[in-house]
Amino acid sequence: GMPYYKSISVFQILSIAIFLVLYNSFYNVLFNVLKRFKFLQITNIIQVVINLVLDVFRVPIYGILGAAIATVMGYISRTVLIEVYYRRKIKKLFF
């Protein structure tokens, strides 16, 4: 109903994060098998820091929508870090 109408845009933004989580799940398994635990932890920490910093600036202005955007940007940053690391370090092991 109408009380939930504003949550549609938040859900749409957060649905991007769902796809990033699924995309990263392949790499999480690969990095765990290769015992790259430290790298995964570093990417998680970077993601959380980016999310928190962006929350501080976006939530007062945009409210829950700002929090959703910050969350997606944190996931994007982690995905980029993982993809770059894979292409530079891991891919060479297999190809």
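These numbers were taken from a predicted model, which means no experiment stands behind them.

Novice: Is there a simple way to explain a nonpolar patch on the surface in this structure?
Specialist: On the surface, Ile45, Val49, Val53, Val56 and Phe57 cluster together into a nonpolar patch covering about 490 Å² of accessible area. For Val49, the location among the structural elements is in helix H2 (residues 37-62).

Novice: Looking at this model, I keep getting lost on helix H1 (residues 7-33). Mind explaining?
Specialist: Along an α-helix, residues three or four apart share an orientation, since each turn contains 3.6 residues. The terminal C-alpha atoms of H1, which comprises 27 residues, lie 39 Å apart, in line with the 39 Å expected from a rise of 1.5 Å per residue. The sharpest bend along H1 measures roughly 30° and falls at Ser25. Those residues of H1 that sit buried are Val10, Ile13, Ala17, Leu20, Asn24, Tyr27, Leu30 and Phe31. Looking at the buried residues of H1, the elements they touch are H2 and helix H3 (64-94). A positive phi of about 60° marks Lys35, the residue just after H1.

Novice: Explain the pattern of salt bridges here, please?
Specialist: Side-chain pairs of opposite charge can arise whenever the charged atoms involved come near each other. For the coordinates displayed, the defined rule picks out one salt bridge. Residue Arg87 is joined to Glu83 by a salt bridge in which the shortest nitrogen-to-oxygen separation is 2.7 Å. In this pair, Arg87 and Glu83 are both assigned in helix H3, four residues apart and thus about one turn of the helix distant. For Arg87, a relative accessible area of 54% corresponds to the exposed category. Among the residues examined, Glu83 registers a relative accessible area of 13% and is labelled buried.

Novice: Hey, could you run me through the confidence of the model for the protein in this one?
Specialist: Detailed reading of the predicted coordinates is not advisable wherever pLDDT falls low. Of all residues in the protein, 100% have pLDDT values of 70 or greater, and the mean over the chain is 94. H2 holds the highest mean pLDDT among the elements of the protein, 97, whereas H3 holds the lowest, 94.

Novice: What is the right way to read the nonpolar core from this model?
Specialist: Counting nine residues, the largest nonpolar core consists of Tyr27, Leu30, Phe31, Phe39, Leu40, Ile82, Tyr85, Tyr86 and Ile90. Those elements that provide at least two residues to this core are H1, H2 and H3. Per-element accounting of this core gives the leading share, four residues, to H3. Excluding anything up to four places from it in sequence, Phe39 contacts Phe31, Leu81, Ile82 and Tyr85. Counting five residues, the second largest nonpolar core, distinct from the first, contains Val10, Ile13, Ala17 and Val72.

Calculation rules
- Numbers given to residues run from 1 along each chain, matching the order in which its sequence is written.
- Note on the predicted model: pLDDT of at least 70 is required for a residue's local features to be given, and 80 or more for side-chain atom pairs to be given and counted; whole-chain, interface and lining totals, by contrast, use all residues.
- Excluded from the side-chain calculation are hydrogens and water; included are all heavy atoms of the structure.
- Two joining distances apply to patches: 9 Å for like charges and 5 Å for nonpolar side chains (Val, Leu, Ile, Met, Phe, Trp, Tyr), and every residue must have over 30% relative accessible area and no salt bridge.
- Accessible surface is estimated by sampling points in the Shrake-Rupley manner with a 1.4 Å probe; for residues, cover comes only from the protein chains shown.
- Basic side-chain nitrogens of Lys or Arg form a salt bridge, by our definition, when they fall within 4 Å of a carboxyl oxygen of Asp or Glu.
- In DSSP terms, a helix is any run of H or I states spanning at least four residues, a strand is any run of E spanning at least two, and both are numbered starting from the N terminus.
- Expected span of a helix, by definition, is 1.5 Å for each gap between consecutive residues, and there is one gap fewer than residues.
- Fitting axes to the seven residues ending at a residue and to the seven starting there, one defines the bend at that residue as the angle between these axes.
- Residue exposure (1.4 Å probe, protein chains only): buried if accessible area is under 20% of the type maximum, exposed if over 50%, otherwise partly exposed.
- Whether two residues are in contact is decided by their heavy atoms: any pair within 4.5 Å suffices.
- Residue-level confidence of the predictor is what pLDDT reports, using numbers from 0 through 100.
- For the purposes of this section, nonpolar cores are sets of buried Ala, Val, Leu, Ile, Met, Phe, Trp, Tyr and Cys residues that join through side-chain atoms within 4.5 Å.

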